[in-house]
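Structural description and commentary
As a plain string of letters, each chain reads:
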Amino acid sequence: MNSNDVTTALEDAKPASEPDYSDELTRLMPLVRKRARDEDDLHRIVGTLAARIAADGSPQALTEALRRERLSLLAFCELFFLFDWMPDSDANLNSLQRLCNMAEPHDRKDPYLSRLDCLFYQIEHGSIVLPDENGRGSHQPTNLRRKDGMNPVVTNGLDEQHDFSLKLYRTFMRLSVEQQRQAISGLGRRLAYLRQNPDVYKEILDDFRRKIE
C-alpha cells in the first residue's frame, strides 16, 4: 500500500457530510520539524498538540484524567502516523477523523484486523495480506514508505523501537477492549465537534503555533 493507497483507505472511511476546507495543520508540519531539536523533542511537541486536539472541555471530562489520557494516546498515534507516513497535504482534521473511523476495539490477541490495524501491520511486517484468485490470503510487499526514506520491506518490518507511531498504537492496543471503545468513541465525538466548530480548532492551532515559533 503506497501513500495513494492509504489516501484511498482514508477516503473510504471519511465521515458523512464532510466539510471541504483547507487545514492549517498541513502548514504546521514543516514548522514542527524545523523547531524540534531531536526525536524526543519532536515527540514532545506533537504530543502536546495531540493532547490539545483530544481535550474535552466539559466539567465532567476534566475530572477524568485517565480517560483524557487515553483519548490523547489515540490522537497522538494518529497524528504521528500522519506526520511520519503521509504527505503533508493529507495532514488535516478530516484525515484524523478518518483514521479514528478505521479503528475498532478488540483484544490484541484476536486475529481480527481492523482497517487501522492493517496500516500498522504493514509497518510492522513490511507486507500486506491480499486475497488471491482462490480467495486465500497472500502476503505482498507493502509500498508504504516513511518520509525519512525508511522502507519496511527492506528491513523486514519495523519494531516499536524504530517507529514511534507503531509504538503508540501497540500501547493503545494493550488497553482493555472497553477502554479502547471509550477512547475511539470519545475521540470521534471530539473530532466531530472540532469539524463542526472550525473557530475552536483554529484557535487550538494558532495557540500551538505561537508557542513553538
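For the structure, see preceding data.
In this report, we go over the structure that sits alongside the text. (Residues numbered from 1 in each chain as written. Predicted model: local features only at pLDDT ≥ 70, side-chain atom pairs only at ≥ 80, totals over all residues. Heavy atoms only, no water.)

Within the protein chain, the regular secondary structure consists of 10 helices and 2 strands. In the protein chain, the succession of helices and strands from N to C terminus is α-α-α-α-α-α-α-β-β-α-α-α. Split into buried and exposed, the 213 residues of the protein chain put 47% on the buried side. For the protein chain, the share of sequence-separated contacts (at least 6 apart) that also reach a separation of at least 24 residues comes to 69%. (Helix = DSSP H or I, 4+ residues; strand = E, 2+ residues; numbered from the N terminus. Buried < 20%, exposed > 50% of the residue type's maximum accessible area, 1.4 Å probe, protein only. Contact = heavy atoms within 4.5 Å.)

The next point concerns helix 10 (residues 198-212). Over its 15 residues, helix 10 runs 21 Å from end to end, which matches the ideal 21 Å to within 8%, given 1.5 Å per residue. Of all the residues in helix 10, the buried ones are Tyr 201, Ile 204, Leu 205, Asp 207, Phe 208, Arg 209 and Ile 212. Contacts made by the buried residues of helix 10 are with helix 2 (24-35), helix 3 (39-54), helix 6 (93-102) and helix 9 (177-196). (Expected span 1.5 Å × (residues − 1).)

Per the stated rule, a full pass over the model turns up 14 salt bridges. Among the salt bridges present, the one from Asp 207 reaches Arg 52, with a minimum N-O distance of 2.8 Å. Taken as a pair, Asp 207 in helix 10 and Arg 52 in helix 3 lie far apart in primary sequence, 155 residues in all. Taken together, the salt bridges that share partners define one network made up of Arg 52, Asp 207, Arg 210 and Lys 211. (Salt bridge = Lys/Arg side-chain N within 4 Å of Asp/Glu carboxyl O.)

Quick look at the packing of aromatic side chains now. Per the counting criterion, the structure on display carries 6 aromatic pairs. Note on Phe 80 and Phe 83: the rings are 5.6 Å apart at their centroids and 35 degrees apart in plane angle, and the pair reads as tilted. Taken together, the positions of Phe 80 and Phe 83, both in helix 5 (residues 65-85) and 3 residues apart, correspond to about one turn of that helix. Pair check on accessibility: Phe 80 and Phe 83 agree, each one buried. Ring plane angle 10 degrees and centroid distance 4.3 Å describe the contact between Phe 120 and Tyr 169, whose orientation is recorded as stacked. Of the two residues, Phe 120 is situated in helix 7 (residues 115-125) and Tyr 169 in helix 8 (residues 164-173); the sequence distance between them amounts to 49 residues. Judged by relative accessible area, which is 1%, Phe 120 ranks as buried. Clustering of aromatic rings is evident, with ring pairs tying together Phe 76, Phe 80, Phe 83 and Phe 164. A cation sits over an aromatic face here: Arg 33 above Phe 83, 4.5 Å from the ring centre. (Phe/Tyr/Trp six-rings, centres within 6.5 Å; stacked < 30°, edge-to-face > 60°. Lys NZ or Arg CZ within 6 Å of the ring centre and 35° of its normal.)

This brings us to helix 9. Under the 1.5 Å per step criterion, the end-to-end length of helix 9 is 28 Å for 20 residues, consistent within 8% with the ideal 28 Å. Among all positions in helix 9, only Gln 180, Ala 183, Ile 184, Gly 186, Leu 187, Gly 188, Arg 190, Leu 191, Leu 194 and Arg 195 are buried.

Orientation of helix 2 relative to helix 10, taken along the N-to-C sense of each, is 20 degrees, at an axis distance of 11 Å. As far as their axial angle goes, helix 10 and helix 2 are roughly parallel. As helix 2 packs across helix 10, the resulting crossing turns out to be left-handed. On the side of helix 2, the interface is formed by Glu 24, Leu 25, Arg 27, Leu 28, Leu 31, Val 32 and Arg 35, while helix 10 contributes Tyr 201, Leu 205, Phe 208, Arg 209 and Ile 212. Residues that form the contact of helix 2 with helix 10 fall into these classes: 8 nonpolar, no polar and 4 charged. (Axes fitted to C-alpha atoms, helices over the stretch in contact; angles between N-to-C directions. Parallel < 35°, antiparallel > 145°, perpendicular 65-115°, else oblique. Left-handed = near helix turned anticlockwise from the far one by under 90°. Nonpolar A, V, L, I, M, F, W, Y, C, P; charged D, E, K, R; others polar.)

With that settled, consider the environment of Cys 118. Inspection of the secondary structure assignment puts Cys 118 in helix 7. The class for Cys 118 is partly exposed, based on a relative accessible area of 33%. Spatially, the C-alpha atoms of Cys 118 and Met 102 are 9.6 Å apart, while their sequence positions differ by 16 residues.

This part is about the environment of Ala 103. By secondary structure assignment, the location of Ala 103 is in the loop between helix 6 and helix 7. Along the primary structure Ala 103 and Leu 74 are separated by 29 residues, whereas in three dimensions their C-alpha atoms are 9.6 Å apart. Sequence-distant contacts of Ala 103, defined by excluding residues within four places in its chain, comprise Ser 114, Leu 116 and Ile 184.

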